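This is what each chain is made of:
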Amino acid sequence: MNRKLIAAATAAATAAGLTIAVALTTSATAANTADPALLAAMARDLGISSEQARERLDAEKVAGQTDAALKSRLGSAYAGSWLDGTGHTLTVAVTDPALASAVRSRGAVATTAKHSASALDSAKIKLDAKATTAPDAVPGWYVDVRTNKIVVLSRAGGEAQAKAWTAEAGLLGDIVSFEASAEDPKPLIDIVGGNAYGLPGGGRCSIGFAVEGGFVTAGHCGAAGGRTTNPGGTIQGSSFPGNDYAWVRTDAGNTPRALVNRYPGTVPVAGSQEAPVGSSVCRSGSTTGWRCGTIQQKNASVTYPEGTITGLTRTNACAEPGDSGGSWLTGDQAQGVTSGGSGNCQSGGTIYFQPVTEILQAYNLRLVTTAGPTTTTQPTSTTTTTTTPPGGGGSWAPYTNYANGAQVTYGGATYRVIQPHTSVPGWEPPNTPALWQRL
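Residues numbered from 1 in each chain as written. Predicted model: local features only at pLDDT ≥ 70, side-chain atom pairs only at ≥ 80, totals over all residues. Heavy atoms only, no water.

The protein chain has the name Streptogrisin C in an unreviewed UniProt entry, where Lentzea flaviverrucosa is given as its organism.

Put into structure tokens, the structure is as follows:
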């Protein structure tokens, strides 16, 4: 399409209050260089083509920037935003109809709402304050910007209890609604993992993102003061329940990497721009590898057996035990670390992640990114990006991604991978028959 046609279409779309202008003006953005494996994972899990995945990332990047600008411009009249099912149309809600033109001028669709985003957040705080008294019938609650309400989930037969508890918290009227749910959320503690780290007292969790001095992960993986292994470090801060985040200061000698495993290979981390509701999101976990979905709601609260976690992001991307602490990204932008949820990657489910920006702010941390310096920081791991191919015959090495069917030699014997993973010291083939088959 030539420049005159693009300009004409953009002007027409803006006048009509549509976001086709976003799609037309992002055809040459950075997402065009997105990692092919990332695009393939999105295509697989979102039911779209790789080219549609590429276009979606383009549009979502612009939508995030547009949303941030409008949030600042609209102030107290801002009532939230979301993308449609295609990821191309950004809708921004306002409480003052007179500001709708400001939304349309940025290429977004304007809609009016009764409750502002700040009013919704304030209302939800009332429920969060009563989290310890939430009945077992209530697995969670969240802000739903699409319906402009606080949604309280209730298990079968538990709606009356949910309504009574909500009333006790002082939340009444049309700002709250109730939704039947079969969720049974639990923290997803690692059992075995690829790019994993060892927990105090045994077990494993996944590294979230590298920060200067160490890495961030899920809070339920360990308490402050505990020691981690591979990489070795000390948990400097941990919050769970209430929140679900922690950070580990790694020992000297580790190398920082602005990368996330995608099983196999890696994807870069360029920043932490928050994606709007409706955006695609992909997560990395040592049990199920790369899985993608969309952001359903933000500022969600969920009650695990250990207590209630607030401020989470709710998604329809699947995960399973062993994926805890892993990374969530939209394109190359860090979004959060896996907390927990329900379901699995066979039947689907609902999974929550702890936003990474809150972790960084809580502990005054700096995310290690592709644009930032890496020589003076300490990393999350020394994992390499190479993958031994089937029949490759190379010697086994730690911190290497091994794909299914890869062959290595160790101690004079040949082994074949039967479960994809990233190796660490102690996971040599003779020690891990669940990962390697001796030929």
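Let us keep going from here.
**Student:** An account of the overall build of the protein chain is needed here, citing residue identities and associated values.
**Tutor:** For the protein chain, the helix and strand inventory stands at 8 helices and 29 strands. By the burial criterion, 53% of the 439 residues in the protein chain qualify as buried. Look at the contacts in the protein chain between residues 6 or more apart in sequence, and 58% of them connect residues 24 or more apart. About 17,400 Å² of surface is accessible on the protein chain, with carbon and sulfur atoms providing 52% of the total. (Helix = DSSP H or I, 4+ residues; strand = E, 2+ residues; numbered from the N terminus. Buried < 20%, exposed > 50% of the residue type's maximum accessible area, 1.4 Å probe, protein only. Contact = heavy atoms within 4.5 Å. Areas by Shrake-Rupley, 256 points an atom, 1.4 Å probe, with all protein chains shown as cover.)

**Student:** Describe the state of the cysteines, naming the residues involved and giving the relevant values.
**Tutor:** Across all of its chains, the model carries 3 disulfides by this definition. Paired through a disulfide, C205 and C221 show a sulfur-sulfur distance of 2.0 Å. Judged by the sign of its S-S torsion, about -80 degrees, the cystine formed by C205 and C221 is left-handed. With C205 in strand 9 (residues 204-206) and C221 in the loop between strand 11 (214-217) and strand 12 (227-228), this residue pair connects regions lying 16 residues apart in the sequence. For the pair C205 and C221, a shared accessibility class is recorded, and that class is buried. (Disulfide = S-S within 2.5 Å.)

**Student:** Describe helix 4 (residues 50-74), with residues and values.
**Tutor:** Residues spaced three or four apart along an α-helix face the same direction, because each turn holds 3.6 residues. Between its first and last C-alpha, helix 4 extends 35 Å over 25 residues, near the 36 Å set by a 1.5 Å rise per residue. After helix 4 finishes, the residue G75 shows a positive phi value of roughly 60 degrees. (Expected span 1.5 Å × (residues − 1).)

**Student:** Describe the UniProt feature "active site" (unreviewed entry) in the protein chain, listing the residues and the values that go with them.
**Tutor:** Following the UniProt record, one finds the feature "active site" (unreviewed entry) at H220, D244 and S324. Look at the named residues: they lie 105 residues apart in sequence, but the longest C-alpha span between them is just 10.4 Å, so in the fold they bunch up. Structurally, H220 can be placed in the loop between strand 11 and strand 12. The exposure class of H220 is buried, given its relative accessible area of 12%. Within the structure, H220 has its side chain in polar contact with the side chain of D244 (distance 2.8 Å). With respect to the helices, strands and loops of the structure, S324 is situated in the loop between strand 19 (307-315) and strand 20 (327-330). Here the side chain of S324 touches H220 through a polar contact of 2.9 Å, side chain to side chain. (UniProt positions renumbered as here; feature names shortened; annotations may be inferred. Polar contact = N/O pair within 3.5 Å; in protein donor to acceptor, adjacent residues only side chain to side chain.)

**Student:** Quick rundown of the sheet that holds strand 26 (residues 407-410)? Include the residues and the values.
**Tutor:** Here we have 4 strands laid out as an open sheet, ordered 24-26-27-29, and mixed in their pairing. Because the sheet does not close on itself, it has two edges, and the strands there are strand 24 (394-395) and strand 29 (436-438). Summarising the sheet, strand 26 and strand 27 (residues 413-417) pair through 4 bridges and their orientation is antiparallel. Paired with V408 across the strands is Y415, a residue of strand 27. (Pairing = 2+ DSSP bridges.)

**Student:** Hey, could you go over the nonpolar core for me, with residue numbers and the actual values?
**Tutor:** One finds L127, W141, I150, V152, W165 and L171 to be the most contacted residues of the largest nonpolar core, which totals 30 residues. Secondary-structure elements contributing two or more residues to this core are strand 1 (78-83), helix 6 (117-129), strand 4 (140-144), strand 5 (149-154), helix 7 (159-168) and strand 22 (348-355). At 3 residues, the largest contribution of residues to this core is made by helix 6. Ignoring sequence-local partners within four residues, the contact set of V152 consists of L127, V138, G140, W141, A162, W165, T166, V176, S177, F178 and E179. A53, C282, L329 and V356 belong to the second largest nonpolar core, which has 29 residues in total. (Core = buried A, V, L, I, M, F, W, Y, C linked by side-chain atoms within 4.5 Å.)

**Student:** Give a description of the environment of Q346 that names residues and reports values.
**Tutor:** Tracing the backbone through its elements, the reader meets Q346 in the loop between strand 21 (333-344) and strand 22. On a C-alpha basis, the gap between Q346 and A319 in space is 9.7 Å, while along the polypeptide they are 27 residues apart.

**Student:** Before we move on, can you summarise the packing of helix 3 (residues 36-46) against helix 4 with the specific residues and values?
**Tutor:** Where helix 3 meets helix 4, the closest approach of the two axes is 8 Å, and the angle between their N-to-C directions is 105 degrees. Of the possible angle classes, the one that applies to helix 3 and helix 4 is roughly perpendicular. Residues L38, L39, A40, M42, A43 and L46 of helix 3 pack against S50, A53, R54, R56 and L57 of helix 4. (Axes fitted to C-alpha atoms, helices over the stretch in contact; angles between N-to-C directions. Parallel < 35°, antiparallel > 145°, perpendicular 65-115°, else oblique.)

**Student:** Describe the sheet that holds strand 14 (residues 245-250), and please don't skip the residues or the numbers.
**Tutor:** In spatial order, the strands read 10-11-14-13-12; together these 5 strands make up an open sheet with antiparallel pairing. Across the chains shown, the open sheet's two edge strands, defined by having one partner strand only, are strand 10 (209-211) and strand 12. Of the strands in this sheet, strand 10, strand 11, strand 13 (233-239) and strand 14 are in contact with helix 8 (residues 356-363), which crosses strand 14 at around 60 degrees.

**Student:** Give a detailed account of the pattern of salt bridges, specifying residues and quantitative values.
**Tutor:** Where charged atoms from two side chains of opposite charge come close, those side chains can pair. Tallied over the entire structure, the rule returns 13 salt bridges. In this structure, the salt-bridge partner of R54 is E51, at a minimum N-O distance of 3.5 Å. On the criterion of helical spacing, the pair formed by R54 and E51 is a turn pair, its members being 3 residues apart in helix 4. On the basis of relative accessibility, which here comes to 42%, the residue E51 falls in the partly exposed class. (Salt bridge = Lys/Arg side-chain N within 4 Å of Asp/Glu carboxyl O.)

**Student:** Account for unusual backbone geometry, naming residues and giving values.
**Tutor:** In this structure, P231 follows N230 across a cis peptide bond, with omega equal to 5 degrees. Summarising the element assignment, P231 is placed in the loop between strand 12 and strand 13. Geometrically, the link from F240 to P241 is a cis peptide bond, its omega value of -5 degrees lying close to zero. Positionally, P241 belongs in the loop between strand 13 and strand 14. Even without being a glycine, N148 presents a positive backbone phi close to 60 degrees. Topologically, N148 is positioned in the loop between strand 4 and strand 5. In this structure, N230 is a non-glycine residue whose phi angle is positive, near 50 degrees. Residue placement: N230 occurs in the loop between strand 12 and strand 13. Looking at N230, the relative accessible area reads 25%, which means it is partly exposed.

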